[in-house]
Amino acid sequence: YNKLLHKTFQPLFEELNAWSQAPYEHNPKYPEHLIHKSSSGNLLRSKSESIIDMMLYIHQIPFRYECALSLENTTLFPDFTIRHPLTGDYYYWEHFGLIDNPAYAQNSFSKLQLYISQGILPSVNLITTYETSDSPLDIQTVERIIKLYFLE
């Protein structure tokens, strides 16, 4: 029976692994800013994103970096699109790394409003992290977030 049903009832792990390895539309803007290589092989825009990428990769959480997401008439590229390893549910992770810059903060809040208007809610299926020049994101914070959302 296993051979007959294998294609119909593909285990979730295999589906998520295939999803994370499949080609997807990346953010085409500012490719010259992709300078931080992570252990997953991804090139990222910041050291903080590199930490998030590394920890997702270490914990074998299926994810994509800057994968296109169409909302209303806008295409966003969330920093990370994540599939829950047990349920397959979609989560998005936005890291706001220059939140002490007023123009950056205003753009960040506009992006959050768009997410919310489409039912992608902070602390539900939208993970947000923030940092300032005086308060950088650290690996312990990322580890706690990953455990809270995906490992417990």
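Residues numbered from 1 in each chain as written. Predicted model: local features only at pLDDT ≥ 70, side-chain atom pairs only at ≥ 80, totals over all residues. Heavy atoms only, no water.

Visitor: I would appreciate a short explanation of the overall build of the protein chain in the present structure.
Guide: Across its full length, the protein chain holds 5 helices and 8 strands. Its C-alpha atoms give the protein chain a radius of gyration of 16 Å, near enough to 15 Å, the size a compact globule of 152 residues would have. Its C-alpha atoms put the protein chain at 60 × 35 × 30 Å along the principal axes. The buried share of the protein chain, taken over its 152 residues, is 39%. For the protein chain, the proportion of contacts with a sequence separation of at least 24, taken over those separated by at least 6, is 52%. (Helix = DSSP H or I, 4+ residues; strand = E, 2+ residues; numbered from the N terminus. Rg over C-alpha atoms; globule rule 2.2 N^0.38 Å. Buried < 20%, exposed > 50% of the residue type's maximum accessible area, 1.4 Å probe, protein only. Contact = heavy atoms within 4.5 Å.)

Visitor: I would appreciate a short explanation of the nonpolar core in the present structure.
Guide: Side chains of a nonpolar character, in soluble globular proteins, are inclined to be buried together. If you look at the biggest cluster of nonpolar residues, it comprises 20 residues, and the most contacted ones within it are Leu56, Phe80, Ile82, Trp93, Ile146 and Phe150. Of all the secondary-structure elements, those providing two or more residues to this core are helix H3 (47–58), strand S3 (63–65), strand S6 (80–83), strand S7 (90–96) and helix H5 (139–151). Look past the residues within four positions of Ile82 in its chain and what remains in contact with it is Trp19, Leu56, Ile61, Pro62, Phe63, Asp89, Tyr90, Tyr91, Trp93 and Phe150. In terms of nonpolar packing, the next biggest core, distinct from the first, is built from 12 residues, Leu71, Leu76, Tyr92 and Leu114 among them. (Core = buried A, V, L, I, M, F, W, Y, C linked by side-chain atoms within 4.5 Å.)

Visitor: Explain the layout of surface pockets to me, please; I cannot follow it from the model alone.
Guide: Empty pockets left among the atoms are what a rolling probe the size of a water molecule brings to light. As a volume, the largest pocket reaches approximately 780 Å³. Residue lining of the largest pocket: 25 residues in total, with Asn27, Arg45, Asp79, Tyr104 and Lys111 positioned closest to the centre. Looking at the lining of the largest pocket, the elements with two or more residues in it are H3, strand S5 (74–76), S7 and helix H4 (102–117). Tallying contributions element by element places H4 first for the lining of the largest pocket, with 6 residues. Of the residues that constitute the lining of the largest pocket, the class distribution is 7 nonpolar, 10 polar and 8 charged. Taken together, 18 residues make up the lining of the second largest pocket; nearest its centre are Asn17, Ser20, Gln21, Ile61 and Pro62. Of all the secondary structure elements, the ones that give two or more residues to the lining of the second largest pocket are helix H2 (12–21) and S3. Ranked by the residues each element gives to the lining of the second largest pocket, the list is headed by H2, at 5 residues. (1 Å grid on protein atoms, 1.4 Å probe; cavity = no way out; pocket = protein on both sides within 12 Å on 5 of 7 lines; lining within 4 Å. Points joined across faces, edges and corners; volume = space filled by probe spheres on them. Nonpolar A, V, L, I, M, F, W, Y, C, P; charged D, E, K, R; others polar.)

Visitor: How should I be thinking about the side chain of Asn27 in this particular structure?
Guide: When you line up the elements, Asn27 lands in the loop between H2 and strand S1 (36–37). Engagement of the side chain of Asn27 in a polar contact is seen with the backbone nitrogen of Lys29, the distance being 2.9 Å. Ignoring anything within four residues of it in the chain, the contact list for Asn27 reads Arg45, Glu66 and Phe77. (Polar contact = N/O pair within 3.5 Å; in protein donor to acceptor, adjacent residues only side chain to side chain.)

Visitor: Hey, could you run me through the pairing of strand S8 (residues 126–130) in this one?
Guide: Walk down a regular strand and you will see the side chains alternate between the two sheet faces. The sheet contact formed by S7 and S8 spans 5 bridges and is parallel. Across the sheet, Tyr92 pairs through a bridge with Leu126, a residue of S8. (Pairing = 2+ DSSP bridges.)

Visitor: When you look at H4 in this model, what are you seeing that I'm missing?
Guide: For an α-helix, the turn length of 3.6 residues means that residues three or four places apart are oriented alike. With 16 residues, H4 should reach 22 Å at 1.5 Å per residue; the first-to-last C-alpha distance of 23 Å fits that figure. Inspection of H4 places Ala105, Ser108, Leu112, Leu114 and Tyr115 among the buried residues, and these make up the whole buried set. Against strand S4 (69–71), S5, S7 and S8 lie the buried residues of H4. Regarding H4, its N-cap is Asn101, as a side-chain oxygen of that residue lies 3.0 Å from the backbone nitrogen of Ala103 further along. Following H4 by one or two positions, Gly119 adopts a phi angle in the positive range, close to 80 degrees. (Expected span 1.5 Å × (residues − 1).)

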